[in-house]
Number of protein chains: 2
Amino acid sequence: MSELVEALLAGKHSALARVITKIENRSPGYRDVVSALHRHTGHAEVIGVTGSPGAGKSTLVDKVAAEYRDRGHTVGVIAIDPSSPYSGGAVLGDRIRMASNAGDMDVFFRSMSARGSLGGLSTATTDAVTALDAFGKDYVVVETVGAGQNEVDIVRTADTVAVLVPPGSGDDVQMLKAGILEIGDVFVVNKADLDGADRTVQQLREMLQGRSTAGHHGASGTEVAGTTEDGGAAEDGWEPPIVETVANRSEGVGEFLAALSDHGDYLDRTGGREQQARDRFAAEIRTLLREDANRMVAAELDRGGGLDAYLDAVMARETDPYTVVDEVLEPLRDCLDGRSEHGE
Amino acid sequence: MSELVEALLAGKHSALARVITKIENRSPGYRDVVSALHRHTGHAEVIGVTGSPGAGKSTLVDKVAAEYRDRGHTVGVIAIDPSSPYSGGAVLGDRIRMASNAGDMDVFFRSMSARGSLGGLSTATTDAVTALDAFGKDYVVVETVGAGQNEVDIVRTADTVAVLVPPGSGDDVQMLKAGILEIGDVFVVNKADLDGADRTVQQLREMLQGRSTAGHHGASGTEVAGTTEDGGAAEDGWEPPIVETVANRSEGVGEFLAALSDHGDYLDRTGGREQQARDRFAAEIRTLLREDANRMVAAELDRGGGLDAYLDAVMARETDPYTVVDEVLEPLRDCLDGRSEHGE
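Predicted model, so just to flag it, every value in this text is computed and none were measured.

Caption draft 1: Representation of the overall build of chain A. Broken down by element type, chain A carries 14 helices and nine strands. For chain A, with 344 residues in total, the buried portion stands at 54%. Surface summary for chain A: the accessible area is close to 14900 Å², and the carbon and sulfur share equals 47%.

Next comes the structure, spelled out in structure tokens:
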């Protein structure tokens, strides 16, 4: 096990790939691996990219990865599809071929899909980012396939979240619903050469001006003091810029990277980066506690003869669900009460 | 507390209203109330009604309730809005006025909204159905406002699920996504006088013929053996009929009730009613166990000094989320292990 960790820390991409597979499958020992990697993290800049299907996310992400690499940085990309139970091979292969210099492993592509619960996929994404960060990647890009609530949860793993909007999509209301507007630090109108792009930019600008700063992804403890028509950082807060790109012609990629970088600077300047990391760890710990507690309770249920015996009694109206739950959890409660009585 | 239960069982609508408020707010003692009511349940026929906004659910439900009452049955209606944090007053008032004979309390209307988690609302719906069933209502109608995954979970409380589709809505794909097709026992094309109604019926029929029977709401342990073009019960399985209604003119309401009744007969004939009830109780027990376990774990976290102390150490890379979780849960595990060692 620690051999695998050592190989990853020594910069072996094969070890990185094996660790992420372990994380995705929740294979035995994955927790110890992630635990061991944690102390080597905190250096990568993590970018989340989300937006409706067809917005051109993967094309833009490929260009971004190539540009980072051309500037001498190392990059890891995780593409997440919460709606698909399938994983790995095909998508990964396609994407590697799409990268301009696939032989150059400074860009590491990996796709992950929903195996278990959604909470699980969100945790797995966090763990995969940990692996890429510990490996030493300068930039980690987390790309989601869709733009629903699941994607919002996943993309929160990032320091900076970019939301892609295709022009003239009329997606505004749906995006608002999914909470996408609230989490965007940078907005991108991709395919900006298409009809309706100007109108989409204008609509976005109006919506962003109307949005509350309370739930703003990057604005913990700060207030938006002024508005800058052209986007960019205001005096005390962050006004999400709207960048226009034509990703398949590489247009606007430089401006997009500049906007991401501006937001990174903003986070460093305001302490937002640390606050976000803290919030993320808090959410992660809560999720893990919930998952573990559920496993312990399931074991208690089995100990009590399994669900079937209880169900017979509930169906016969001899007992009821609430009473069953109290009975199953009684040993745990007694245990904890006994401990308190002995002042432990 | 048992006074409240006695008043409900004695047929006092004010007590029924108070119990449902208690359930909705998770007020102290609500568990004991629901526990006490459970043994008096199992007599009501529970109908779930879902479908996209604008499909005319509330109009149809009002007509259904009035028709049941005119036939001498008692009816309870719970309208659930998972997307709204607001509850009670206004909607309830409107709906009571809409009922043709509001003074006649044989039709009891009540709206409930999202207070806490969605799981919570689903549990609260189940508990409210328990209250109406124990009260002695012959029919309980659970109506949801939207048609998403949340609504699917809520409507599973019912023995028979009716899905409403507005004509020419183009909602087909979205409905498939939300799993609505899989849970419908009866489909209703409401506003059947509008253009496009025939096409919608035809589209629905094609989709239903294509749907897998594996996840079929009412078909546990059975297989669909044949198809009946006009809907109704096939020899071994249930082929969901498609009923056309114009609810605001009361057209097709009789046919709709006949279809619901057919499905009820089918459940009785095949043992499906008991199997569904068993499945529901199993799901409910699992949900309650999860909720309680989460509360116990949160208490352990507080005992360990709260999340903040742990977060400081995680941020300093002195520990990591997985190790924190192991530490918090260690006392619980030790407790349980100790018990096994002593052969208890």
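Caption draft 2: Inspection of the sheet that holds strand β5 (residues 160-165) of chain B at higher detail. Residues and elements named next belong to chain B. Taken in spatial order, the seven strands line up as β3-β2-β4-β1-β5-β6-β9 in an open sheet, and their pairing is parallel. Every other strand in the sheet has two partners, leaving β3 (107-113) and β9 (242-244) as the edge strands with one partner each. Within the sheet, the average angular offset between the axes of one strand and its neighbour, ignoring direction, is 20 degrees.

Caption draft 3: Structural view of helix α10 (residues 197-210) of chain B. Look at α10 of chain B: 20 Å from first C-alpha to last across 14 residues, which is about the 20 Å you get at 1.5 Å a residue. Check the buried side of α10 of chain B and you find it contacts β5, α9 (180-183), β6 (186-189) and β9 of chain B.

Caption draft 4: Spatial organisation of the pattern of salt bridges. Applying the stated rule across the entire model yields 30 salt bridges over all chains. R280 of chain A is the salt-bridge partner of D159 of chain A, the closest N and O atoms lying 3.3 Å from each other. You can see D159 of chain A sitting in the loop between α7 (149-155) and β5 (160-165) and its partner R280 of chain A sitting in helix α12 (residues 272-303), a full 121 residues away along the chain. R278 of chain B serves as the salt-bridge partner of D312 of chain A, at 2.8 Å between the closest nitrogen and oxygen. Of this pair, D312 of chain A sits in helix α13 (residues 306-315) while R278 of chain B sits in helix α12 (residues 272-303), each in a different chain.

Caption draft 5: Main features of α13 of chain A. Across the ten residues that make up α13 of chain A, a large majority, seven, are buried. Looking at α13 of chain A, one finds that the buried residues are G306, L307, Y310, L311, A313, V314 and M315 of chain A.

Caption draft 6: Looking closely at the sheet that holds β5 of chain A. Residues and elements named next belong to chain A. Pairing is parallel in the open sheet, where seven strands are placed in the order β3-β2-β4-β1-β5-β6-β9. A strand with exactly one partner marks an edge of an open sheet, and here the two such strands are β3 (107-113) and β9 (242-244). Averaged over all adjacent pairs, the angle separating strand axes in this sheet is 20 degrees, with direction ignored. As paired elements, strand β1 (residues 45-51) and β5 share five bridges and run parallel to each other. If you follow V49 over to β5, its bridge partner there is A162.

Caption draft 7: Structural context of the interface of chain B and chain A. The interface of chain B with chain A comprises 54 residues on the first partner and 54 residues on the second. Here chain B packs against chain A, burying approximately 5100 Å² in sum over the two surfaces, 68% of which is carbon and sulfur. The tally of links between chain B and chain A comes to eight salt bridges. Summed over the shared surface of chain B and chain A, the result is 14 residue pairs in polar contact (both at pLDDT 80 or more).

Caption draft 8: Here's a closer look at the relation of the copies chain B and chain A. When chain B is brought onto chain A, the operation consists of a screw motion whose angular component is 180 degrees and whose axial shift is 0.0 Å, with 0.1 Å RMSD remaining. Such a combination of turn and shift is consistent with a two-fold rotation axis. The residues that chain B uses at the interface reappear at the interface of chain A in 100% of cases, marking a shared surface.

Caption draft 9: Region of interest: unusual backbone geometry. Phi at S250 of chain A takes a positive value of approximately 60 degrees, unusual for a residue other than glycine. Inspection of the secondary structure assignment puts S250 of chain A in the loop between β9 and α11 (253-270). Of note, the phi angle at K191 of chain B is positive, near 55 degrees, even though the residue is not glycine. Mapped onto the fold, K191 of chain B is located in the loop between β6 and α10. Residue K191 of chain B is classed as partly exposed on the basis of its relative accessible area of 31%.

Caption draft 10: Inspection of the packing of aromatic side chains at higher detail. All names here are of chain A. This model, assessed by the stated rule, comprises six aromatic pairs over all chains. Ring centres 3.7 Å apart and planes at 15 degrees place the aromatic pair Y68 and Y139 in the stacked group. Of this pair, Y68 sits in helix α4 (residues 57-70) while Y139 is found in strand β4 (residues 139-144), placing the two residues 71 residues apart along the sequence. For Y68, a relative accessible area of 4% translates into the label buried.

Caption draft 11: Inspection of the packing of helix α1 (residues 2-9) of chain B against helix α2 (residues 13-25) of chain B at higher detail. Residues and elements named next belong to chain B. Contact geometry of α1 with α2 gives a least axis separation of 8 Å together with a crossing angle of 130 degrees. Viewed along their axes, α1 and α2 adopt a mutual orientation that is oblique. In this structure, α1 meets α2 at a crossing whose hand is left-handed. Note on element contacts: α2 touches α1 through A15, L16, R18, V19 and K22, opposite L4, A7 and L8. Looking at the contact of α1 with α2, its residues break down into six nonpolar, no polar and two charged.

Caption draft 12: How the structure looks around the packing of helix α1 (residues 2-9) of chain A against helix α3 (residues 30-38) of chain A. Residues and elements named next belong to chain A. Put simply, α1 and α3 touch, their axes get as near as 10 Å, and they point 40 degrees apart. With respect to each other, α1 and α3 are oriented oblique. Of the two possible hands of crossing, α1 and α3 adopt the one that is right-handed. Contacts from V5, L8 and L9 in α1 reach V33, A36 and L37 in α3. When grouped by side-chain class, the residues that make up the contact of α1 with α3 number six nonpolar, no polar and no charged.

Caption draft 13: Spatial organisation of the nonpolar core. Counting residues in each nonpolar core, the largest one holds 137 residues, and the members touching the most others are L8 of chain A together with L8 of chain B. Setting aside residues no more than four positions away along its own chain, L8 of chain A makes contact with A15, L16, V19, L37, A131, A134 and F135 of chain A.

Caption draft 14: Looking closely at the pairing of β3 of chain A. All names here are of chain A. Most of β3 sits out of view: seven of its seven residues are buried. On β3, burial covers both faces: V107, F109, S111 and S113 on one face and F108, R110 and M112 on the other are all buried. Bridge analysis of strand β2 (residues 75-81) against β3 gives seven bridges, and the strand direction is parallel. Note that in β3 the partner of G76 across the bridge is F108.

Calculation rules
Residues numbered from 1 in each chain as written. Chains lettered and ligands numbered in written order. Predicted model: local features only at pLDDT ≥ 70, side-chain atom pairs only at ≥ 80, totals over all residues. Heavy atoms only, no water. Helix = DSSP H or I, 4+ residues; strand = E, 2+ residues; numbered from the N terminus. Buried < 20%, exposed > 50% of the residue type's maximum accessible area, 1.4 Å probe, protein only. Areas by Shrake-Rupley, 256 points an atom, 1.4 Å probe, with all protein chains shown as cover. Pairing = 2+ DSSP bridges. Axes fitted to C-alpha atoms, helices over the stretch in contact; angles between N-to-C directions. Expected span 1.5 Å × (residues − 1). Contact = heavy atoms within 4.5 Å. Salt bridge = Lys/Arg side-chain N within 4 Å of Asp/Glu carboxyl O. Buried area = accessible area lost by both parts, 1.4 Å probe. Polar contact = N/O pair within 3.5 Å; in protein donor to acceptor, adjacent residues only side chain to side chain. Least-squares fit on C-alpha atoms with pLDDT ≥ 70 in both. Phe/Tyr/Trp six-rings, centres within 6.5 Å; stacked < 30°, edge-to-face > 60°. Parallel < 35°, antiparallel > 145°, perpendicular 65-115°, else oblique. Left-handed = near helix turned anticlockwise from the far one by under 90°. Nonpolar A, V, L, I, M, F, W, Y, C, P; charged D, E, K, R; others polar. Core = buried A, V, L, I, M, F, W, Y, C linked by side-chain atoms within 4.5 Å.

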